[in-house]
Amino acid sequence: MKKLQLLGNITPAQFLRDYWHKKPLLIRNAIPGFKPLLKFDKLAEAARLNHVESRLVTNVDGQWDMQHGPLLEVPPRTQREWTLLVQGVNLLDERADALLREFRFLPDARLDDLMVSYATDGGGVGPHFDSYDVFLLQAQGKRRWKISAQQDLSLVDGMPLKILSNFTPEEEFVLEPGDMLYLPPHYAHDGVAEGECMTYSIGFRAPSFQELGEAFLQFMADSIDLPGRYADPGLQPAKNPAEIPREMLASVTEELNKVRWDEEDVTVFFGEYMSEPKHNVFFTPPPKPLVVGRFMETAAKRGLKLSAKSLMLYRGKHVFINGESFAVNRADKIVLDVLANERRLTGEALAQASDDVLEALYTWYQDGWVELG
Ligand code: SIN
Ligand code: CO
């Protein structure tokens, strides 16, 4: 793979080897001439929406406060020390989606979203650590980052947000538009706006094993098959009627031990789980969907693309889109893997698609998962 300016002129392989999960990387001019993708008004407008996750963080006389959206009002821009954070901006703006996809040297199953934060002078969310890797891209104005590899990650009790009790910065940088800072998980940091500023966070997904385990057991509940019913033809008279007979438990244990899963079950579970849109994501079907014939003609000319909201993954013969899975044949897999990787299909590629794939694409178009190019 080639060197990326985005990573400070090293290759993704070098970045992953030397920095990912290991140490911070400051990249000056990661995106030369970077201009913010959306203005403050658009951000404030997004924060008013029900389906957009937003937070307002203020610090008045050392007292931290956090309010969750929808935020019908934010403080005046002339007021110091407040921050507006909006998650999932990649779902609201095509260019924000394109920016997030610059990071596809990492698998889609790891990419989460683009969060935009706006702060007035002195604003920030306090010294803290995150459980995920993050790229902090300065979009507008300046922000002073202080960071620390400290092991002491104890938090101040009773705060509405995570604030480190003992933050001891080791390094300090002022980021200007286009500069970017990569931080591994659990790396202490504190970013303070110097004048009005906007910072874009490219965030990652790392499900906890507990969360995965619980979801996997639910998935397995739908697919286990344990025929028969408890029976005890050799039952002996009960001496202590409240005591569960040992033989009864042994027989139940033997049956439950028949619950098994293999790599295929894990693949289907994980693909469906990771391609499931977040609870606040709603697809917008086309207002006047074309009839199937017109759709095919138009798609042949203009191609198709995945909606920015669509999550599409695959592994082996399994294709996953927005929480659904399909086992596909070799020929269909070629077409669908291209759609998943390129997030679009040209008219020529569509010409190779089987009737089954075309039918699926038409349904996905009607559902707003796929759009005409
Ligand atoms: C921010 O952009 O204001 C905070 C981002 C972070 O520290 O994770
Ligand atoms: Co952070």
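Predicted, not measured: the structure shown is a model, and the values here were computed from it. (Residues numbered from 1 in each chain as written. Chains lettered and ligands numbered in written order. Predicted model: local features only at pLDDT ≥ 70, side-chain atom pairs only at ≥ 80, totals over all residues. Heavy atoms only, no water.)

**Student:** Describe the packing of helix α4 (residues 209–223) against helix α6 (residues 263–274), and please don't skip the residues or the numbers.
**Tutor:** Where α4 meets α6, the axes come as close as 10 Å, and the angle between the chain directions of the two elements is 115°. Our classification of the angle between α4 and α6 gives roughly perpendicular. Seen along the crossing, α4 lies across α6 with a hand that is right-handed. Contacts from E211, L212, A215, F216, F219 and M220 in α4 reach D265, V266, V268, F269, F270, E272 and Y273 in α6. In the contact of α4 with α6, the residues fall into 10 nonpolar, no polar and three charged. (Axes fitted to C-alpha atoms, helices over the stretch in contact; angles between N-to-C directions. Helix = DSSP H or I, 4+ residues; strand = E, 2+ residues; numbered from the N terminus. Parallel < 35°, antiparallel > 145°, perpendicular 65-115°, else oblique. Left-handed = near helix turned anticlockwise from the far one by under 90°. Contact = heavy atoms within 4.5 Å. Nonpolar A, V, L, I, M, F, W, Y, C, P; charged D, E, K, R; others polar.)

**Student:** I'd like a rundown of the sheet that holds strand β11 (residues 312–315), residues and numbers included.
**Tutor:** Reading across the sheet, the three strands line up as β11-β12-β13 and stay open at both edges, with antiparallel pairing between neighbours. Each end of this open sheet is capped by a strand with a single partner; those strands are β11 and β13 (324–327). Ignoring strand direction, the axes of neighbouring strands in this sheet form an average angle of 20°. Two strands pair when backbone bridges link them, and β11 and strand β12 (residues 318–321) are joined in this way by four bridges, in the antiparallel orientation. Of the residues in β12, the one forming a bridge with L313 is F320. Taken strand by strand, helix α8 (residues 330–342) contacts β11 and β12, and its axis lies near 135° from that of β11. (Pairing = 2+ DSSP bridges.)

**Student:** So what's going on with the pattern of salt bridges? Residues and values would help.
**Tutor:** Evaluation of the coordinates by the stated rule reveals 19 salt bridges. Between E196 and R77 there is a salt bridge, with the nearest N and O atoms lying 2.7 Å from each other. Taken as a pair, E196 in strand β9 (residues 188–204) and R77 in the loop between β3 (63–68) and β4 (82–86) lie far apart in primary sequence, 119 residues in all. For R77, a relative accessible area of 39% gives the class partly exposed. Note that E194 is salt-bridged to R144, the shortest N-O span being 2.7 Å. (Salt bridge = Lys/Arg side-chain N within 4 Å of Asp/Glu carboxyl O. Buried < 20%, exposed > 50% of the residue type's maximum accessible area, 1.4 Å probe, protein only.)

**Student:** Could you give an account of the nonpolar core, with specific residues and numbers?
**Tutor:** Grouped together as the largest cluster of nonpolar side chains are 45 residues, with contacts concentrated most on F15, F105, F135, Y200 and I202. Contributions of two or more residues to this core are made by β1 (25–27), α2 (40–47), β4, α3 (94–101), β5 (111–119), β6 (134–148), β8 (180–183) and β9. The element best represented in this core is α2, accounting for five residues. Membership of the second largest hydrophobic core comes to 26 residues, among which are A299, A353, L358 and W369. (Core = buried A, V, L, I, M, F, W, Y, C linked by side-chain atoms within 4.5 Å.)

**Student:** Outline the site of ligand 1, listing residues and values.
**Tutor:** Inspection of the region around ligand 1 gives L85, S117, V125, H128, D130, L136, R143, W145, H189, T199 and S201 as its neighbouring residues. With respect to ligand 1, the side chain of S117 contributes an N or O atom lying 2.8 Å from an oxygen atom. Burial of ligand 1 by the protein chains amounts to 94% of its free accessible area of 260 Å². Elements that contribute at least two residues to the shell around ligand 1 include exactly β6 and β9. Residues belonging to the shell around ligand 1 are distributed by class as follows: four nonpolar, five polar and two charged. (Near = heavy atom within 4 Å. Polar contact = N/O pair within 3.5 Å; in protein donor to acceptor, adjacent residues only side chain to side chain. Areas by Shrake-Rupley, 256 points an atom, 1.4 Å probe, with all protein chains shown as cover.)

**Student:** Explain the domain arrangement of the protein chain to me, using residue names and the numbers behind them.
**Tutor:** Interfaces are often sized by the amount of accessible area the parts lose when they come together. In terms of domain boundaries, the protein chain breaks down into domain 1 (5–204) and domain 2 (208–223 + 260–373). Computed over C-alpha atoms, the centres of domain 1 and domain 2 are 31 Å apart. The interface formed by domain 1 and domain 2 contains two salt bridges. Here E94 ties to K305 by a salt bridge, and the two come within 3.5 Å at their closest N and O atoms. The tally of links from domain 1 across to domain 2 stands at five residue pairs in polar contact (both at pLDDT 80 or more). Of all elements in the fold, only α3 and β5 reach the threshold of two or more residues within the side of domain 1 that touches domain 2. Looking at which element gives the most residues to the side of domain 1 that touches domain 2, the answer is α3, with three residues. Broken down by class, the residue content of the side of domain 1 that touches domain 2 amounts to two nonpolar, two polar and eight charged. (Domains from an automatic or database assignment.)

**Student:** Can you explain the pairing of β6? Please cite residues and give values.
**Tutor:** Where β6 meets β9, 13 bridges bridge the pair, whose relative direction is antiparallel. Along β9, the bridge assignment pairs R144 with V192. Across four bridges, the pairing between β6 and β8 is antiparallel. Bridge pairing links V134 to L183 in β8. In terms of strand pairing, β6 meets strand β7 (residues 171–175) through five bridges, oriented antiparallel. Its bridge partner being in β7, W145 is matched across the sheet by F173.

**Student:** Quick rundown of the sheet that holds strand β14 (residues 344–345)? Include the residues and the values.
**Tutor:** If you trace the three strands from one edge of the open sheet to the other, you get β14-β10-β15, paired in antiparallel fashion. Pairing within the sheet leaves two strands with one partner each, and these edge strands are β14 and β15 (370–372). Strand direction decides the pairing type here: strand β10 (residues 304–306) and β14, joined by two bridges, are antiparallel. Counterpart to L304 in the pairing with β14 is L345. Along the sheet, helix α10 (residues 355–367) makes contact with β10, β14 and β15, crossing β15 at roughly 90°.

**Student:** An account of the side chain of H189 is needed here, citing residue identities and associated values.
**Tutor:** Secondary-structure assignment places H189 in strand β9. At a separation of 2.9 Å, a polar atom in the side chain of H189 contacts the side chain of D130. In this structure the side chain of H189 is engaged in a polar contact, spanning 2.8 Å, whose partner is the backbone oxygen of Y187. Ignoring anything within four residues of it in the chain, the contact list for H189 reads G126, P127, H128, F129, D130, W145, K146, I147, F167 and L183.

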